[in-house]
Amino acid sequence: MDTKLWLIFCGLLVGFFLAVDLFISIQTHSHNERKMVFDEKKDSLEKEIEILTKSIAFIKEQESLGGYVKSNNIIIKDSIVNLFSL
């Protein structure tokens, strides 16, 4: 009788350990898949940041060029006004 109880106990214990192993394996696989998705999103966002950084640099360059053109236009306007006032 005691032997049957020990065998049942050992069988249940092995079954429990197999169930825990299966659960951990499933969770590990799920975690690895989520990590891959996040890594892909991270790479995509890094590329987008690089593109946006280049765009910001271009816009700042165009802004400074626009200021230069505006100041030249003001000088030319003042010169034309002075020319006609003579």
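Computed from a prediction, not measured in an experiment: that's the story for all the values here.

Chemist: Could you give an account of the overall build of the protein, with specific residues and numbers?
Modeler: Looking only at helices and strands, the protein features 1 helix and 0 strands. Over its C-alpha trace the protein gives a radius of gyration of 37 Å, far above what one expects of a compact globule, namely 12 Å for 86 residues. In terms of its C-alpha atoms, the protein occupies a principal-axis envelope of roughly 125 × 15 × 10 Å. Relative to its full complement of 86 residues, the protein shows a buried share of 0%. As displayed, the protein offers around 8,300 Å² of accessible surface, 70% of which is attributable to carbon and sulfur atoms.

Chemist: Help me get a handle on the pattern of salt bridges, residues and values and all.
Modeler: Evaluated as defined, the whole model comprises 3 salt bridges. One salt bridge connects Asp39 with Lys35, and the closest N-O pair in it is separated by 3.1 Å. Of this pair, Asp39 and Lys35 both sit in helix α1 (residues 2–85), 4 residues apart, which is roughly one turn of the helix. In this structure, Glu50 and Lys54 form a salt bridge, with 3.6 Å as the shortest nitrogen-oxygen distance. A residue pair is termed a helical-turn pair when its members lie 3 or 4 positions apart in one helix, as Glu50 and Lys54 do in helix α1 at 4 residues. A relative accessible area of 46% means that Glu50 is categorised as partly exposed. Among the residues examined, Lys54 registers a relative accessible area of 56% and is labelled exposed.

Chemist: Could you give an account of the packing of aromatic side chains, naming the residues involved and the relevant values?
Modeler: Under the counting rule described, the total for this entry stands at 2 aromatic pairs. Centroid distance Trp6 to Phe9: 5.9 Å. Interplanar angle 85 degrees. Geometry classified as edge-to-face. Linking Trp6 with Phe9, this pair stays in helix α1, spanning 3 residues, or about one helical turn. What makes Trp6 exposed here is its relative accessible area of 56%. Here the aromatic rings of Phe16 and Phe17 are separated by 5.9 Å at their centres, their planes lie at 55 degrees, and the arrangement is tilted. Each member of the pair, Phe16 together with Phe17, is exposed.

Chemist: Describe a nonpolar patch on the surface, with residues and values.
Modeler: Taken together, the side chains of Trp6, Phe9, Leu13, Phe16, Phe17, Val20, Phe23 and Ile24 define a hydrophobic patch exposed on the protein surface, amounting to about 850 Å² of accessible area. As for its position among the elements, Phe23 is in helix α1. Residue classification places Phe23 among the exposed residues on the basis of a relative accessible area of 53%.

Conventions and cut-offs
Residues numbered from 1 in each chain as written. Predicted model: local features only at pLDDT ≥ 70, side-chain atom pairs only at ≥ 80, totals over all residues. Heavy atoms only, no water. Helix = DSSP H or I, 4+ residues; strand = E, 2+ residues; numbered from the N terminus. Rg over C-alpha atoms; globule rule 2.2 N^0.38 Å. Buried < 20%, exposed > 50% of the residue type's maximum accessible area, 1.4 Å probe, protein only. Areas by Shrake-Rupley, 256 points an atom, 1.4 Å probe, with all protein chains shown as cover. Salt bridge = Lys/Arg side-chain N within 4 Å of Asp/Glu carboxyl O. Phe/Tyr/Trp six-rings, centres within 6.5 Å; stacked < 30°, edge-to-face > 60°. Patch = residues over 30% accessible without salt bridge, like charges linked within 9 Å, V, L, I, M, F, W, Y side chains within 5 Å.

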